[in-house]
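# Fold and geometry: a report
So you can see what is in the structure, the chains are spelled out below.
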Amino acid sequence: MENLVLYVLIQLNLAFGVAGLVWPEKFLPLFGVLMFPWPASRRMIRVHGSLAVVAYVLILCKIWIGGL
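Please read all numbers here as calculations on a predicted model, not as lab measurements.

## So, the overall build of the protein chain
Helices and strands together make up the secondary structure of the protein chain, namely 3 helices and 0 strands. Against the compact-globule benchmark of 11 Å for 68 residues, the protein chain has a radius of gyration of 14 Å, which places it well outside the compact range. Taken over the C-alpha atoms alone, the protein chain extends approximately 45 × 20 × 20 Å along its principal axes. Sorting the 68 residues of the protein chain into buried and exposed places 16% on the buried side. Contacts in the protein chain between residues far apart in sequence, at least 24 positions, make up 53% of those at least 6 positions apart. Accessible surface, the protein chain: about 5,400 Å² in total, of which carbon and sulfur atoms supply 75%.

In structure tokens form, the structure reads like this:
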């Protein structure tokens, strides 16, 4: 049960990463607020989505290796 929060956060990371890759225009307002002094761009959102998916894979591999 203590790992449930971690697993939910990992799944949310993957979901938002893939959503950022598929629909970057829907995340423009959110990134416009989060990155206030700098303008948000579709390229930045796609890079963030790619890095979120890579982070998901790395964390998942770490969990699998730690479970062996």
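## Section: a nonpolar patch on the surface
Together, L4, V5, V8, L9, L12 and F16 make up an exposed nonpolar region whose accessible area comes to about 570 Å². A relative accessible area of 51% places F16 in the exposed class.

## As for the environment of G49
Relative to the elements of secondary structure, G49 occurs in helix α3 (residues 42–67). Each C-alpha atom of the pair G49 and F16 lies 7.1 Å from the other, and the pair is 33 residues apart in sequence.

## A look at the packing of aromatic side chains
What the rule picks out here adds up to 1 aromatic pair. Centroid distance F16 to F27: 6.3 Å. Interplanar angle 85°. Geometry classified as edge-to-face. Of the two residues, F16 sits in helix α1 (residues 4–22) while F27 sits in helix α2 (residues 24–34), which places them 11 residues apart along the sequence. Taking the relative accessible area as the measure of exposure, F27 reaches 14% and is therefore buried.

## What about the confidence of the model for the protein chain?
Of the residues in the protein chain, 94% have a pLDDT of 70 or more, and the chain-wide mean is 84. The weakest mean pLDDT in the protein chain belongs to α2 at 82; the strongest belongs to α3 at 87.

Parameters and conventions
Residues numbered from 1 in each chain as written. Predicted model: local features only at pLDDT ≥ 70, side-chain atom pairs only at ≥ 80, totals over all residues. Heavy atoms only, no water. Helix = DSSP H or I, 4+ residues; strand = E, 2+ residues; numbered from the N terminus. Rg over C-alpha atoms; globule rule 2.2 N^0.38 Å. Buried < 20%, exposed > 50% of the residue type's maximum accessible area, 1.4 Å probe, protein only. Contact = heavy atoms within 4.5 Å. Areas by Shrake-Rupley, 256 points an atom, 1.4 Å probe, with all protein chains shown as cover. Patch = residues over 30% accessible without salt bridge, like charges linked within 9 Å, V, L, I, M, F, W, Y side chains within 5 Å. Salt bridge = Lys/Arg side-chain N within 4 Å of Asp/Glu carboxyl O. Phe/Tyr/Trp six-rings, centres within 6.5 Å; stacked < 30°, edge-to-face > 60°. pLDDT = per-residue confidence, 0-100.

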